[in-house]
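# Notes for the structure review
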Amino acid sequence: MESVSVEARPAEADAVEQAHTHTVDAVLAALGSDANHGLGAQEAERRLEQYGPNELREAPRPGFWQLLLRQFKNFLVIILVVACLISLALGEYLDATAILAIVILNAALGVVQESRAEEALAALKKMAAPEATVIRDGRPTTIPAVQLVPGDVVLLEAGDFIPADVRLIEAVNLRVDEAALTGESHAVEKDARALAEADSALGDRRNMAYLGTTATYGRGRAVVVRTGMNTEIGRIAEMIQSYEEEATPLQRRLDQLGKWLGVGALAVSALVFLLGSLGGQDVLEMFLVAVSLAIAAVPEGLPAVVTISLALGLQRMVRRHALIRNLPAVETLGSATAICSDKTGTLTQNEMMVVRLYVDGQEVEVTGKGYEPVGRFISGSDPIDPKEDERLTLLLTGAALCNDSQLERDEGDSSWAIYGDPTEAALVVAAAKAGLWKEALSEEHRRLAEAPFDSARKRMATVHPDGREGRYVIYVKGAPDILLDLSTRVLTAEGPAELTPEGKERILEHNHKMAAQALRVLGLAYREVDKLPDNPTPDELERDLVFVGLLGMIDPPRPEVREAIRVAKRAGLSTYMVTGDYLDTAVAIAKDLDLIEEGDPVLSGAEISRIPDEEFVRVAPQVRVYARVSPEHKVRLVEALRQNGHVVAMTGDGVNDAPAVKRANIGVAMGITGTDVTKQTADMVLTDDNYASIVAAIEEGRVIYSNIRKFVYYLLSCNVGEILIVFLATLLGWPVPLTAIQLLVLNLLTDGAPALALGLEKGDPDIMDRPPRRVDEPILNQEMRVGIGVQAIAIGAATLTAYRLGMHWFPDDIGMARAMGFATLTLSELFRAYTARSEYYSVFRIGFFSNKYMQYAVLVSLGILALMFYVPPLHEVFDTRALTLGHWLDILPLALIPSVAAEATKALLLRQLRNRRVGMER
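The following refers to the structure shown. Everything numeric here is computed off the predicted structure, so don't read it as measured data.

As a further point, take the overall build of the protein. Regarding its fold elements, the protein presents 36 helices and 28 strands. Across the 922 residues of the protein, 57% fall into the buried class. For the protein, long-range pairs separated by at least 24 residues make up 71% of all intrachain contacts whose partners lie at least 6 apart in sequence. A total accessible area of about 38,300 Å² is found for the protein, and carbon and sulfur atoms account for 56% of it.

What follows is the structure, encoded as structure tokens:
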């Protein structure tokens, strides 16, 4: 039968777009399709041309040359390029070569990092089913999923990927794992006859299935309503592409600092050139002095040192289970003020676990971790052996036998894995903890008949021999209230007894109590028979039952998360749970983690949809739990928090998290349970899926940013000191005390190596007791600017004093005077590096030798200095001379002046810091 192509009228378009709100017949009519015959081949071909292939389109990526040109937008780099050209024009080829090497190194590092292009859409494509079973011209046929079109009727089986967004026509015990799209921790039971509200969350649309999800149980038939970029995953992909890359706070601050330094350097150079020329000095010589001064002002090694420091920080973070995909994200994480975290697999273990049993008025707690079949059974406060209690033995045995899941051990790494529905697997694990292994039970009590689980009946029944000749037992597992309606007796310590209305009410009260604690509760009942049923229908099997008890399970919180949240609070970080799971479950987990208290506000996705943007921006920071949310809701939350001045870290694992992860200041994906989409979208991937690793990464980010501040502070204090030396010498009419090549050596080698060592500091001990730094805080705050001024004066005074002494002692050899000044400047900056290791604490407090890399850096710098002074062929290149021991003893006290000044400044700053903390505590 050839289906008829129709132009979509408004009502028909709504039936397709809002397929979850319409009946199957209405959707099929709107699509011009037939449930039994599907589309005809010609019509399918026409629609393929109309709608395009069922695949995700990818935005073009920047090429190599675009990436390379990006690296030259930095103001400091532009100044370096200009300085290189001027040096070439003046014949200063050594200077030009050194500067060019810096520029090339910085550009190469940038291109390597940025060329790790985003693979989010490629990962999304992998999630699409490669093939689909479709009905064409009334016959089932297998086609590439890319050829699916709206109106195609597809057949679904357990284990199939859902090949497009589909409206179910029929669903026979069909369950779909939608965790990657909705965040729900268990497979969703589907019902083709159900209808949903227009604004219902994806997880509540039981008559729909979506591209990228997986059928885990049963079978079904469905009609395709959306393909390609029009699917839910396609919309997510479009959202990911729509976001522009934003500069991180560090990038913005360093760019601002670079412009400030560049403009300042040019202004001072021009001033020196003008004063010298007007003072009667040679114009060409003054031009060379001006160029030298510009070189002294610009910290040539800063871009490379920042990149290398971030790269080294990346390696340290890997050791703390955080893999950084985007280098600037290291410091952004350190400035985070809010963490938006998914629940399933992030705050919880993503492994359903039975935690409570109930039989005949007795509650039993079950301990353990995940799917590992190790745990204890505790009644009251006493451990018990469930095998010694007939009721518990029967409850666990029935739960394991009336079950289609398997628990298996991986011989390779001795870990445990489950196969089948996670909820059923939790029952198998609970039985194994009691020594009741399903494999052994199934051999002894093999399944003879069954009534499979049905979403309408909400129960499942199996028939087994009970071990006695001619006797059989029927186990029924399902919703407790329904099992109670089918039961006439209840199992007690004395055996089966009549189930009275009062007894039934007591069981229901316990069921409600467990459900209120966010436990998913299943009941178990049984019936003994003396022969196999002739007609094992549900009605025949599921009657006159003996109710045994209840099993309550939950996806438990990770044990280390509670302490991690506590540390985050102490560090001034706000944590928000953002989940697709049910509100009651989310609230219970949040309370267990001390994330919220009784009475704190919570919001569902439906409520978020009804709140105007302006109002949501106001209330968002106060609400810590968001449940049943869609991808759009997550993005709205990130935007609202950012408008409140937060630097947002969004953690996630599913495809549904990808847009918000992309939009956040720092996106954090789960490495084990996370989808490839989220991993490729995120800035950081946690290799152990541990929330505690997020807090550890934030601590590391703070340390890295603090270290960057330290070496920026160090480099600038040295550079400003060098400017002051050249500037004052020019004003005083002295010969230039430092040559351009000497300044380059200082900035690249003797300054650069200690700066890198500062990037490897462990950080101050109270780094996580400080609040997050303000987003608008400049990289050079008032205290650092004062410190730079003090250091510049101390360095300038010490160096010019040594230089003047050299001019006095060696009036006929200006090279000797420069050598003394250069040696004093170099030593003072190397000593200063030790004092720069902490902004507040004395070098003696943190340990003079506690940073071994500083020792290496200083030794390397001293070695370079020795070569320059004591290898004769280098004297002409660097304009140096060999100094005697007496000369070194003369300049040593001068070289220590900046370090003494730095320690005195830190002592005053530490006192102010402590006074501020005391004031805040009061």
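The buried count for strand 27 (residues 666-670) comes to five of five residues, which makes it a mostly enclosed element. Burial along strand 27 is two-sided: the residues Ile666, Val668 and Met670 and Gly667 and Ala669 are all buried. Two strands pair when backbone bridges link them, and strand 26 (residues 648-652) and strand 27 are joined in this way by four bridges, in the parallel orientation. Each bridged residue has a counterpart across the sheet, and for Ala649 the counterpart in strand 27 is Ile666. With three bridges connecting them, strand 27 and strand 28 (residues 684-686) associate as parallel partners. Counted as the bridge partner of Ala669 is Val685 from strand 28.

Turning our eyes to something else, we now look at a nonpolar patch on the surface. The grouping of Leu271, Leu275, Leu728, Leu731 and Leu732 at the surface amounts to a nonpolar patch, some 410 Å² of accessible area in total. Overall, the relative accessible area of 38% leaves Leu271 in the partly exposed class.

All right, on to helix 25 (residues 631-643) then. With 13 residues, helix 25 ought to run about 18 Å at 1.5 Å a step, and its terminal C-alpha atoms sit 19 Å apart, in line with that. By the burial criterion, the buried members of helix 25 are Pro631, His633, Lys634, Val635, Leu637, Val638, Ala640 and Leu641. Gly645, located one to two residues past helix 25, shows a positive phi value of around 90 degrees.

This part covers the sheet that holds strand 26. In spatial order, the strands read 8-28-27-26-9-23-25-24; together these eight strands make up an open sheet with mixed pairing. In this open sheet, the two edge strands, each paired with only one partner strand, are strand 8 (322-324) and strand 24 (602-604). Pairwise comparison of adjacent strand axes, ignoring direction, gives a mean angle of 20 degrees for this sheet. Judged from the two bridges that link them, strand 23 (residues 574-578) and strand 25 (residues 625-627) form a sheet pairing that is parallel. In the strand pairing of strand 25, Val578 is matched with Tyr626. On top of the sheet, helix 22 (residues 583-592) reaches strand 23, strand 24 and strand 25; it is set at about 155 degrees to strand 25, its chief contact. Sitting on the sheet, helix 25 touches strand 9 (338-341), strand 23, strand 25 and strand 26, and the angle it makes with strand 26 is about 160 degrees.

Under the defined criterion, the tally for this structure stands at nine aromatic pairs. Where Phe822 meets Phe869, the ring centres are 6.1 Å apart and the plane angle is 20 degrees; that geometry is what we call stacked. Placement of the pair is Phe822 in helix 32 (residues 814-835) and Phe869 in helix 34 (residues 852-870), with a sequence separation of 47 residues. Summarising the burial analysis for this pair, Phe822 and Phe869 share the class buried. Here the aromatic cluster, defined as three or more aromatic residues joined through ring pairs, consists of Tyr834, Phe844, Phe848 and Phe849. A cation over a ring is seen here: Arg175 above Phe453, with NZ or CZ 4.6 Å from the ring centre. The lysine or arginine in question, Arg624, covers the ring of Tyr576, its NZ or CZ lying 5.0 Å from the ring centre.

With that settled, consider the packing of helix 28 (residues 691-731) against helix 32. One can describe the packing of helix 28 onto helix 32 by two numbers: an axis separation of 10 Å at closest approach and a directional angle of 155 degrees. Between helix 28 and helix 32, the angle is such that the two are roughly antiparallel. Pair helix 28 / helix 32 crosses with right-handed handedness. For the pair helix 28 and helix 32, the contacting residues are Tyr713, Tyr714, Ser717, Cys718, Glu722 and Ile725 in the first and Leu825, Glu829, Leu830, Arg832 and Ala833 in the second. Grouping the amino acids of the contact of helix 28 with helix 32 by side-chain chemistry returns seven nonpolar, one polar and three charged.

Let's shift gears to the environment of Gly264. Turning to its location among the elements, Gly264 is positioned in helix 10 (residues 249-278). Judged by its relative accessible area of 29%, Gly264 is partly exposed. In sequence terms Gly264 and Ala294 are 30 residues apart; their C-alpha atoms lie 9.0 Å from each other.

Counting residues in hydrophobic clusters, the biggest one holds 99 residues, and the most contacted among them are Met317, Met684, Tyr691 and Val712. In terms of residue count, helix 28 provides more of this core than any other element does, 16 residues in total.

Assignment of secondary structure puts Asp165 in strand 4 (residues 165-177). Residue classification places Asp165 among the buried positions, given a relative accessible area of 0%. Of the polar contacts made by the side chain of Asp165, one reaches the backbone nitrogen of Glu232; its length is 2.8 Å. Those residues within four positions of Asp165 in sequence are excluded, and the remaining contacts are Ala209, Tyr210, Leu211, Val223, Val224, Val225, Arg226, Asn230, Thr231 and Glu232.

So, about the packing of helix 28 against helix 31 (residues 782-809). Helix 31 packs onto helix 28 with a crossing angle of 45 degrees between their chain directions and a minimal axis gap of 8 Å. In terms of axis orientation, helix 28 runs oblique to helix 31. Two packed elements cross with a definite hand, and for helix 28 against helix 31 that hand is right-handed. Mapping the contact onto sequence places Arg709, Tyr713, Leu716, Ser717, Cys718, Val720, Gly721, Leu724, Ile725, Leu728 and Ala729 in helix 28 and Met784, Gly787, Ile788, Gln791, Ala792, Ile793, Ile795, Gly796, Thr799 and Leu800 in helix 31. For the contact of helix 28 with helix 31, the class distribution of residues is 14 nonpolar, six polar and one charged.

So, on to the side chain of Asn173. Relative to the assigned elements, Asn173 resides in strand 4. Looking at Asn173, the relative accessible area reads 15%, which means it is buried.

Cut-offs and rules
Residues numbered from 1 in each chain as written. Predicted model: local features only at pLDDT ≥ 70, side-chain atom pairs only at ≥ 80, totals over all residues. Heavy atoms only, no water. Helix = DSSP H or I, 4+ residues; strand = E, 2+ residues; numbered from the N terminus. Buried < 20%, exposed > 50% of the residue type's maximum accessible area, 1.4 Å probe, protein only. Contact = heavy atoms within 4.5 Å. Areas by Shrake-Rupley, 256 points an atom, 1.4 Å probe, with all protein chains shown as cover. Pairing = 2+ DSSP bridges. Patch = residues over 30% accessible without salt bridge, like charges linked within 9 Å, V, L, I, M, F, W, Y side chains within 5 Å. Salt bridge = Lys/Arg side-chain N within 4 Å of Asp/Glu carboxyl O. Expected span 1.5 Å × (residues − 1). Axes fitted to C-alpha atoms, helices over the stretch in contact; angles between N-to-C directions. Phe/Tyr/Trp six-rings, centres within 6.5 Å; stacked < 30°, edge-to-face > 60°. Lys NZ or Arg CZ within 6 Å of the ring centre and 35° of its normal. Parallel < 35°, antiparallel > 145°, perpendicular 65-115°, else oblique. Left-handed = near helix turned anticlockwise from the far one by under 90°. Nonpolar A, V, L, I, M, F, W, Y, C, P; charged D, E, K, R; others polar. Core = buried A, V, L, I, M, F, W, Y, C linked by side-chain atoms within 4.5 Å. Polar contact = N/O pair within 3.5 Å; in protein donor to acceptor, adjacent residues only side chain to side chain.

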